[in-house]
Amino acid sequence: MSKLVKQSAPCPMCGQVVMVDAPEGTSEQELMALAVEKCDCYEAVKMRKTKERMQKVKEWVTEKFGDDDEMLQVILSAIMSVSSFKFDKVTIKDGQHTYAIDLDKDGLIRFKDKYAASMEKIFR
């Protein structure tokens, strides 16, 4: 295991140079990623919060859909598409469930599960 050394790295968001602990020989790109974790600029903080939020969403979705790997992948893909602004909203229909994924006015991921119990009545 490489020894950790203090290195300076520029934040890719604001250009501010911060000190990070990194193994010797760490690439410039890896140093910049570590700088984002340390920098206090608005964009770096926003990026860290978004990353934390996405981790929480992934954990929740994995807990909810973990037994159905195909649905888990579809839901995670939809969440990534909405959070990266590729789509405004994604709706997935699975049997009696309709899942709607979008961003609220504050930019937070919103997941709705609408369950419609269908009833069938046959008139003779």
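Scroll up for the structure.
Residues numbered from 1 in each chain as written. Predicted model: local features only at pLDDT ≥ 70, side-chain atom pairs only at ≥ 80, totals over all residues. Heavy atoms only, no water.

Remarks on the pattern of salt bridges
Under the convention used in this document: What counts as a salt bridge is simple: a side-chain nitrogen of Lys or Arg found within 4 Å of a carboxyl oxygen of Asp or Glu. Every helix listed is a DSSP run of H or I at least four residues long, and every strand listed is a run of E at least two residues long, numbered separately from the N terminus. Remark: exposure states derive from per-residue accessible area (1.4 Å probe, protein chains only) relative to the maximum for the residue type, with buried under 20%, exposed over 50%, and partly exposed in between.
All chains considered together, the criterion is met by 4 salt bridges. One salt bridge in this structure joins Lys51 and Glu37, with 3.5 Å as the shortest N-O distance. In this pair, Lys51 is assigned in helix H2 (residues 42–65) and Glu37 in helix H1 (residues 28–38), connecting sequence segments 14 residues apart. Looking at Glu37, the relative accessible area reads 40%, which means it is partly exposed. Taking the shortest distance from any N to any O, the salt bridge between Arg110 and Asp102 comes out at 2.9 Å. A residue is classified by how much of its surface remains accessible, and Arg110, at 33% relative accessible area, is partly exposed.

Observations concerning the nonpolar core
To keep things clear, this is the line we draw: Among buried residues, the Ala, Val, Leu, Ile, Met, Phe, Trp, Tyr and Cys ones that are joined through side-chain atoms within 4.5 Å form a nonpolar core. Contacts: residue pairs with any heavy atoms within 4.5 Å of one another.
Core analysis: the largest hydrophobic core is formed by 15 residues, its most contacted members being Val61, Phe65, Ile75, Ile79, Ile92 and Ile101. Contributing elements (two or more residues each) for this core: H2, helix H3 (69–83), strand E3 (89–94) and strand E4 (97–103). Top contributing element to this core by residue count: H3, with 7 residues. Every residue in contact with Ile79, bar those within four places of it in the chain, is listed here: Met54, Val57, Val61, Ile101 and Ile109. In this structure, Cys11, Val18, Ala22 and Cys41 belong to the second largest nonpolar core, which totals 11 residues.

Examining H3
Owing to its 3.6 residues per turn, the α-helix aligns residues three or four sequence positions apart on the same side. Formally: An expected span of 1.5 Å times one less than the residue number is assigned to each helix.
Here H3 is 15 residues long and its end C-alpha atoms lie 21 Å apart, about the 21 Å a rise of 1.5 Å per residue gives. All of the buried residues along H3 are Met71, Leu72, Ile75, Leu76, Ala78, Ile79, Ser81 and Val82. Lining the buried residues of H3 we find H2, E3, E4 and strand E5 (109–115).

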